[in-house]
Amino acid sequence: MENKTQKKVILSGIQPSGELTLGSYLGAIKNWVALADEYDCYYMMADLHSITVRQNPADLRRRTLTQMAAYMACGLDPKKSTIFVQSHVPAHTQLGWVLDCYTMFGELSRMTQFKDKSAKNADNINAGLFTYPSLMAADILLYQANLVPVGDDQKQHVEICRDIASRFNGVYGDVFTLPEPFIPKVGARVMSLTSPENKMSKSDKDPGGCVYILEKPEDIVRKFKKAVTDSDTEHCVRFDRDGKPGVSNLMTIYSAAVGKTFAEIEAEFDGRGYGDFKSAVGEAVVELLRPIREETERLLADKSYLESVYRAGAEKAGYVAGKTLRKVYKKVGFLPR
Ligand code: TRP
């Protein structure tokens, strides 16, 4: 179980606070799959993080399991990567507390996500929302992760994690590996279909903007038909992120789905209208997601297999995390049991 191969360590996670989106697949999970051979990878369902916002308990349980099945349906192989549920490994909350004591009020107050989420949840600005970054730092540091694949919106969290780790190392010596945010080369940043200047997000107020990976084909096709294109008079399919954000987003999605370059896509739709283009993208996404949806459903019907995967994941993760936690407890001066 040791990291004998000396592969670099990767950790990432997604909160099961909503259904997985096309954006989470193309922007994150697809890359995780690509990294599985080269790195020692830990991928978790960040359920501890998700209760910083109120969750319906039955939904949270269902989404946690569905998310795990979907990770696997997207190609994550539990034999290669450690797939686990964050709350199954108590070391996360244990290290989280220690790190809370090495994280400054001022730095937490400056976090963009805290400011955004407290504005959105003005009636529930709880302490967990505030200390979210030190729990996330614990997630990363427990595994001595070198790289953390995240989207732009999470870079600040990896940076504060480095600050916390350096502060701790400064006092106690080299306990933690300093992680780096890892924005993979092959990543696709998928934007909302209805407001292409914003990232596609499960918390988008407009349900038309977001496509879910388990969504019914007819709903997917309908959402793409309604996708915003651009109001310029040119009316042609051409990649221009700033000038034509809607068309460029659809091109990004189409390119990721069918593996064509932007030049090939421009040629394919030369002289054809946006309507044709949007239908083609919708169909391509349906075909891209069909096997994932079917495999997720198949896995969800086999609960005992899924349980065996998350138990094994928790055991492996718990072993690695436990080593770091014991070292930390010793360094800070807790009496061994
Ligand atoms: N904060 C991340 C998000 O909202 C989820 C997350 C929790 C995470 N812990 C992590 C991501 C550790 C990377 C590493 O998407």
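Predicted model, so just to flag it, every value in this text is computed and none were measured.

Asks: Just to check I follow, could you spell out the site of the ligand for this structure?
Replies: Around the ligand sit 14 residues in total, of which Gln15, Met44, Tyr132, Asp139 and Gln154 are the nearest. In this structure, a nitrogen atom belonging to the ligand sits 2.7 Å away from a side-chain N or O atom of Tyr132. Asp139 is positioned with one of its side-chain polar atoms (N or O) 2.7 Å from a nitrogen atom of the ligand. With the chains in place, 90% of the 360 Å² that the ligand exposes on its own is no longer accessible.

Asks: Quick question: what am I supposed to make of the packing of helix α10 (residues 245-258) against helix α12 (residues 274-300) here?
Replies: To describe two helices that pack against each other, one gives the angle between their axes and the distance between the axes. The N-to-C vectors of α10 and α12 enclose an angle of 40°; their axes lie 9 Å apart at closest approach. Between α10 and α12, the angle falls in the class oblique. Here α10 and α12 pass one another in a crossing that is left-handed. Of the residues in α12, those touching α10 at Val247, Leu250, Met251, Ile253, Tyr254, Ala257 and Val258 are Tyr274, Phe277, Lys278, Ala280, Val281, Ala284, Val285 and Leu288. Tallied by class, residues from the contact of α10 with α12 come to 14 nonpolar, no polar and one charged.

Asks: Just to check I follow, could you spell out the pairing of strand β1 (residues 9-14) for this structure?
Replies: Note on strand geometry: in a regular strand, side chains alternate between the two faces of the sheet. Judged by how many residues are buried, β1 sits mostly within the fold: five of six residues are covered. Judged from the six bridges that link them, β1 and strand β2 (residues 40-45) form a sheet pairing that is parallel. Within the sheet, the bridge partner assigned to Ile14 lies in β2 and is Met45. Taking the sense of rotation as the criterion, the β-α-β connection linking β1, helix α1 (residues 22-35) and β2 turns out right-handed.

Asks: Looking at this structure, I do not really get unusual backbone geometry. What am I missing?
Replies: Note: most peptide bonds trans; most residues except glycine with negative phi. Not every positive phi belongs to a glycine, and Gln144 is a case in point at roughly 50°. You can see Gln144 is positioned in the loop between α7 (127-142) and β4 (147-149).

Asks: In this structure, what is going on with the packing of α1 against α12? I would like to understand it.
Replies: α12 packs onto α1 with a crossing angle of 80° between their chain directions and a minimal axis gap of 12 Å. In terms of their interaxial angle, α1 and α12 are classed as roughly perpendicular. Facing Leu22, Tyr25 and Leu26 of α1, the residues of α12 in contact are Val285, Leu288, Leu289 and Ile292. Split by residue class, the contact of α1 with α12 holds seven nonpolar, no polar and no charged.

Asks: Explain the pattern of salt bridges to me, please; I cannot follow it from the model alone.
Replies: Opposite charge on two side chains lets them pair, provided their charged atoms get close. Counting across every chain of the model gives 14 salt bridges. Asp59 serves as the salt-bridge partner of Arg62, at 3.7 Å between the closest nitrogen and oxygen. Remark: Asp59 and Arg62 occur in helix α3 (residues 57-73); sequence separation between them is three residues, near one turn of the helix. Close ionic contact of Asp276 with Arg272 constitutes a salt bridge, the shortest N to O distance being 3.1 Å. Here Arg272 falls in the partly exposed class, since its relative accessible area comes to 34%.

Asks: I tried to follow the nonpolar core on my own but got confused; where do I start?
Replies: Soluble globular proteins tend to pack their nonpolar side chains together in the buried interior. Core analysis: the largest hydrophobic core is formed by 62 residues, its most contacted members being Leu22, Tyr25, Tyr71, Phe224, Phe277 and Leu289. Per-element tally for this core: the top contributor is α12, with eleven residues. What Tyr71 contacts, discounting residues up to four positions off in sequence, is Gly13, Ile14, Leu20, Ile29, Trp32, Tyr43, Met44, Met45, Leu76 and Ile83. Within the second largest apolar cluster, 42 residues are counted, among which are Val9, Ala91, Leu99 and Ile164.

Asks: What is the right way to look at empty space enclosed by the protein in this model?
Replies: Rolling a probe over the atoms, with the probe sized like a water molecule, indicates the empty space that remains. All chains considered together, the criterion is met by two cavities of 30 Å³ or more. Computed from the structure, the largest cavity encloses a volume of approximately 70 Å³. Its residues placed into classes, the lining of the largest cavity shows five nonpolar, three polar and two charged. Here the second largest cavity defines a volume of roughly 40 Å³. Looking at the second largest cavity, the residues that line it are Met111, Gln113, Phe114, Lys117, Leu129, Tyr132, Pro133 and His157. Here the lining of the second largest cavity is built from residues that sort into five nonpolar, two polar and one charged.

Asks: Help me understand helix α13 (residues 303-332), please; the structure alone is not making it clear to me.
Replies: Side chains three or four residues apart in an α-helix point the same way, a direct result of the helix having 3.6 residues per turn. Compared with the 44 Å implied by 1.5 Å per residue over 30 residues, the 41 Å span of α13 between its first and last C-alpha is a close match. Within two residues after α13, Gly333 carries a phi angle of roughly 105°, on the positive side.

Asks: Can you help me understand the side chain of Thr64 in this one?
Replies: Its place among the elements puts Thr64 in helix α3. When neighbours within four sequence positions are excluded, Thr64 is seen to be in contact with Pro16, Met45, Asp47 and Val85.

Asks: What's the story with helix α6 (residues 112-120) in this structure? I'm lost.
Replies: Restricting attention to buried positions, one finds in α6 the residues Gln113, Phe114, Lys117 and Ser118. Projected onto a plane normal to the axis of α6, the buried residues spread over an arc of 125° and lie on a single side. Across α6 from its buried face, at more than 90 degrees, point the exposed residues Ala119 and Lys120. For α6, the elements touching its buried residues are α5 (105-109), α7 and α8 (155-172).

Asks: Where do I start with the state of the cysteines in this structure?
Replies: Here a disulfide denotes one covalent bond, and it connects the sulfur atoms of two cysteines. Under the counting rule described, the total for this entry stands at zero disulfides. The structure places no disulfide on Cys161, whose sulfur is separated from the nearest cysteine sulfur, that of Cys101, by 16 Å.

Definitions and cut-offs
Along each chain, the written sequence defines residue order, and numbers are assigned to residues from 1. Only residues with pLDDT of at least 70 are given local features in this predicted model, and only at 80 or more are side-chain atom pairs given and counted; all residues enter the totals for whole chains, interfaces and linings. Only hydrogens and water are set aside when side-chain values are computed; all heavy atoms of the structure are taken into account. Neighbouring residues are identified by heavy atoms, a residue being near a molecule or strand if any of them is within 4 Å of it. Any N or O atom pair separated by 3.5 Å or less is treated as a polar contact, with the protein-specific requirement of one donor-capable and one acceptor-capable atom, and with residues adjacent in sequence counted only for side-chain atom pairs. Accessibility throughout is a Shrake-Rupley quantity obtained with a 1.4 Å probe, and a residue counts as covered only by protein chains that appear here. Axes, fitted as lines to C-alpha atoms, cover a helix only where it is in contact. Angles between the N-to-C directions of the axes lie from 0 to 180 degrees. Secondary structure follows DSSP: runs of H or I at least 4 residues long count as helices, runs of E at least 2 residues long count as strands, and numbering of each begins at the N terminus. For classification, angles of less than 35 degrees are called roughly parallel, those exceeding 145 degrees roughly antiparallel, those between 65 and 115 degrees roughly perpendicular, and all remaining angles oblique. Take the far helix as your reference; a near helix turned counterclockwise from it by less than a right angle gives a left-handed crossing, and one turned clockwise gives a right-handed crossing. Contact criterion: two residues are considered in contact whenever any of their non-hydrogen atoms come within 4.5 Å of each other. In this count, Pro and Cys sit with the nonpolar residues alongside Ala, Val, Leu, Ile, Met, Phe, Trp and Tyr, while Asp, Glu, Lys and Arg are called charged and the others, Gly among them, polar. Each residue is placed in one exposure class: buried if its accessible area under a 1.4 Å probe, protein chains only, is under 20% of its type's maximum, exposed if it is over 50%, and partly exposed if it falls in between. Two strands are counted as paired when DSSP detects at least two bridges linking them. A crossover counts as right-handed when, viewed with the strands pointing away from the observer, the path leading from the first strand over the helix to the second turns clockwise. A pairing counts as a salt bridge when a side-chain nitrogen of Lys or Arg comes within 4 Å of a carboxyl oxygen of Asp or Glu. By nonpolar core we mean a set of buried residues, namely Ala, Val, Leu, Ile, Met, Phe, Trp, Tyr and Cys, connected to one another through side-chain atoms within 4.5 Å. A cavity here means a set of 1 Å grid points, computed over protein atoms only, where a 1.4 Å probe fits but cannot escape. A pocket is an open set with protein on both sides within 12 Å along at least 5 of 7 lines, and lining residues have an atom within 4 Å of a point. Grid points are joined across faces, edges and corners, and a volume is the space filled by probe spheres set on the points. The length a helix should cover is 1.5 Å for every residue beyond the first. Here, the arc refers to the directions that run from the helix axis to the C-beta atoms. A pair of sulfur atoms, both from cysteines and within 2.5 Å, is called a disulfide here.

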